[in-house]
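Observations on chain architecture
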Amino acid sequence: AQKITQTQPGMFVQEKEAVTLDCTYDTSDQSYGLFWYKQPSSGEMIFLIYQGSYDEQNATEGRYSLNFQKARKSANLVISASQLGDSAMYFCAMRGNNAGNMLTFGGGTRLMVKP
Amino acid sequence: GAGVSQTPSNKVTEKGKYVELRCDPISGHTALYWYRQSLGQGPEFLIYFQGTGAADDSGLPNDRFFAVRPEGSVSTLKIQRTERGDSAVYLCASSSGSSAETQYFGPGTRLLVL
């Protein structure tokens, strides 16, 4: 079975500062993928960034980067230069190769950016 | 191109009624997924289609839930004899079909069972 844990129910960050959202995972699969999605109040899940378990370098997409520490089974999302529009729920998710193509999601972190 | 679309955006029904939720995936995407998101939680997997067939329906909670994708494009999630506990946001996602591909989500259907 796969499990995703997000231990921060809510986070505040000052506009223009960086913030790290934590994600730890548990799986018996040797090959897997890790995803981060943003869900604004409108409800749509917006894909942010992907990290494959065999990728040697941390993934980056614009202001988003994924701090992947395989031995610790963590895949933290770092958002640099926070903007007011970053206020939303953020979900970490995993897809294991032996578990079909389904995504397993964590419980989410609500990020609030202060002006 | 257009993203994943879902209709209706909101659905209010009474306990015991039948509902259908529709998902129109990104054009050309062969894989389609349904998830359910209860208030304050992350989405939970329901069913996955590859083409017209359900490749994995292990997430369907019981036999009141059923989904079809007859032509390999649009999918309909059907819920019979709705219960108050079925109230949730139903999310649809699609991907190009490769197991390594990212799933792109629609805006969801908010279902409220009174």
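Residues numbered from 1 in each chain as written. Chains lettered and ligands numbered in written order. Predicted model: local features only at pLDDT ≥ 70, side-chain atom pairs only at ≥ 80, totals over all residues. Heavy atoms only, no water.

1. Topic: the overall build of chain B
For chain B, the count of helices and strands is 0 helices and 11 strands. Tracing chain B from N to C terminus, the helices and strands come up as β-β-β-β-β-β-β-β-β-β-β. For a compact globule of 114 residues, the expected C-alpha radius of gyration is about 13 Å, and chain B comes in at 13 Å, within 12% of that figure. Its C-alpha atoms give chain B principal-axis dimensions of roughly 40 × 25 × 25 Å. Expressed as a percentage of the 114 residues in chain B, the buried residues total 46%. Long-range contacts, defined as pairs at least 24 residues apart, comprise 54% of the intrachain contacts of chain B with a sequence gap of at least 6. Distance from the positive charge centre (11 side chains) to the negative charge centre (11 side chains) of chain B: 8 Å. (Helix = DSSP H or I, 4+ residues; strand = E, 2+ residues; numbered from the N terminus. Rg over C-alpha atoms; globule rule 2.2 N^0.38 Å. Buried < 20%, exposed > 50% of the residue type's maximum accessible area, 1.4 Å probe, protein only. Contact = heavy atoms within 4.5 Å. Lys, Arg positive; Asp, Glu negative; His and termini not counted. Charge placed at Lys NZ, Arg CZ, Asp CG, Glu CD.)

2. What about the pattern of salt bridges?
Applying the stated criterion across every chain yields a total of 5 salt bridges over all chains. Among the ionic pairs, Arg63 of chain A bridges to Asp86 of chain A, the shortest N-O distance being 2.8 Å. Here the residue Arg63 of chain A occupies a position in the loop between strand S7 (60–61) and strand S8 (64–69), and Asp86 of chain A occupies one in the loop between strand S9 (74–79) and strand S10 (88–96), the gap between them amounting to 23 residues. Given a relative accessible area of 22%, Arg63 of chain A falls into the partly exposed group. Classification of Asp86 of chain A as buried rests on a relative accessible area of 2%. Among the salt bridges present, the one from Asp86 of chain B reaches Arg64 of chain B, with a minimum N-O distance of 2.8 Å. (Salt bridge = Lys/Arg side-chain N within 4 Å of Asp/Glu carboxyl O.)

3. Notes on the sheet that holds strand S8 (residues 75–79) of chain B
All names here are of chain B. One open sheet accounts for 4 strands, arranged S1-S3-S8-S7; its pairing is antiparallel. Whereas interior strands pair on both sides, the edge strands pair on one side only; in this sheet they are strand S1 (5–7) and strand S7 (65–68). Averaged over all pairs of adjacent strands, the angle between strand axes in this sheet comes to 15 degrees, irrespective of strand direction. Where S1 and strand S3 (residues 19–24) come together, 3 bridges link them in antiparallel fashion. The residue bridging Gln6 from the neighbouring strand is Cys23, located in S3. (Pairing = 2+ DSSP bridges. Axes fitted to C-alpha atoms, helices over the stretch in contact; angles between N-to-C directions.)

4. Let's talk about the interface of chain A and chain B
Each side of the interface is counted separately: chain A has 17 residues, and chain B has 23 residues. Carbon and sulfur atoms make up 50% of the area that chain A and chain B hide from each other, which totals about 1600 Å². Remark: the boundary between chain A and chain B carries 0 salt bridges. At the boundary of chain A and chain B, one finds 6 residue pairs in polar contact (both at pLDDT 80 or more). Considering each element in turn, the side of chain A that touches chain B owes the most residues, 3 residues, to strand S5 (residues 32–39) of chain A. Looking at the side of chain A that touches chain B residue by residue, the class counts come to 8 nonpolar, 7 polar and 2 charged. (Buried area = accessible area lost by both parts, 1.4 Å probe. Polar contact = N/O pair within 3.5 Å; in protein donor to acceptor, adjacent residues only side chain to side chain. Nonpolar A, V, L, I, M, F, W, Y, C, P; charged D, E, K, R; others polar.)

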